[in-house]
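Analysis of the macromolecular model
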Amino acid sequence: MEISDLKRAYTVPQVLTHYGLPQPNRAGFINCLVHTDKNASMKVYPNRLVCFSCGCRMDIFDICGHIHGLDGTGERIKRFHEDMRLDNQPIRKRNTDEHRRLKREEETKQARRACRDRLHRIAYKGKHTAEPFSPMWEKSVTILRNVSAWYEREGIE
Ligand SMILES: [Zn+2]
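Residues numbered from 1 in each chain as written. Predicted model: local features only at pLDDT ≥ 70, side-chain atom pairs only at ≥ 80, totals over all residues.

With that out of the way, let us pick up the domain arrangement of the chain. By a widespread convention, an interface's size corresponds to the accessible area lost as its parts come together. Taken domain by domain, the chain holds domain 1 (3-83) and domain 2 (97-154). A separation of 44 Å is found between the C-alpha centroids of domain 1 and domain 2. (Domains from an automatic or database assignment.)

Moving on, we come to helix H6 (residues 135-154). Taking 1.5 Å as the rise per residue, H6 with 20 residues should run 28 Å; its terminal C-alpha atoms sit 29 Å apart, in good agreement. Remark: Gly155 follows H6 within two positions and exhibits a positive phi of approximately 70°. (Helix = DSSP H or I, 4+ residues; strand = E, 2+ residues; numbered from the N terminus. Expected span 1.5 Å × (residues − 1).)

Mapped onto the secondary structure, Leu49 falls in strand S3 (residues 49-51). Judged by the 26 C-beta atoms lying within 10 Å of it, Leu49 is buried. (Buried ≥ 20, exposed ≤ 12 C-beta atoms within 10 Å, placed from the backbone.)

This part takes up the environment of Trp150. Here Trp150 lies in helix H6. For the pair Trp150 and Arg116, spaced 34 residues apart in sequence, the C-alpha separation works out to 8.7 Å.

Time to look at the nonpolar core. Inside soluble globular proteins, nonpolar side chains tend to come together where they are buried. Of all hydrophobic cores here, the largest spans 17 residues; its most connected members are Met42 and Ile60. When residues of this core are assigned to their parent elements, the largest contribution, four residues, is made by helix H3 (residues 60-68). Each residue touching Ile60, except ones within four places of it in the same chain, is listed here: Lys7, Tyr10, Val12, Val15 and Phe80. (Core = buried A, V, L, I, M, F, W, Y, C linked by C-beta atoms within 7 Å. Contact = placed C-beta atoms within 7 Å.)

On to the packing of H3 against helix H4 (residues 73-85). Contact pair H3 / H4: the axes reach a minimum separation of 8 Å and the direction vectors enclose 90°. Here H3 is positioned roughly perpendicular relative to H4, judged by the angle of their axes. Two secondary-structure elements touch here, H3 through Ile60, Phe61, Asp62, Cys64, Gly65 and His68 and H4 through Thr73, Arg76, Ile77, Arg79, Phe80 and Asp83. Residue composition of the contact of H3 with H4, by class: five nonpolar, three polar and four charged. (Axes fitted to C-alpha atoms, helices over the stretch in contact; angles between N-to-C directions. Parallel < 35°, antiparallel > 145°, perpendicular 65-115°, else oblique. Nonpolar A, V, L, I, M, F, W, Y, C, P; charged D, E, K, R; others polar.)

A word on the sheet that holds strand S1 (residues 29-30). Reading across the sheet, the four strands line up as S1-S2-S3-S4 and stay open at both edges, with antiparallel pairing between neighbours. Every other strand in the sheet has two partners, leaving S1 and strand S4 (57-58) as the edge strands with one partner each. (Pairing = 2+ DSSP bridges.)

With that settled, consider the environment of Arg121. Within the secondary structure layout, Arg121 lies in helix H5 (residues 91-129). The spacing of Arg121 and Leu144 is 23 residues in sequence and 8.9 Å in space, taken between C-alpha atoms.

Structure, rendered in structure tokens:
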């Protein structure tokens, strides 16, 4: 398992949860892990913590090192790997689940897209065959406008 694999497999919020550390507040901040912090100055990013008060930055391995009092980078990475192994789900399983979720999401997106495309075709035909300003024509124009707005939102040309 490479360092980059571990970094891909675990986000900072997951690691905070694993070690029973505080969860970010609504603004995405926690109390700094390093200095005595009354104001939640530490911003939680997906891949790091940054304290806007004392300036310290921590990645997932640094959090592990902080918990166990380990200084060396190698030690931290090794311990992190061990800690996560003890977690209820092995890393590979997690990745598979994540992969499945993304695949499902993509399929849903494609199905929705196909549905809209069909609607677009029907409405387009309606607009060009119906009597202008007839109810059928009005309806087709409305549908076309809605579908175009959707395409725009989804970034589809
Ligand atoms: Zn700090």
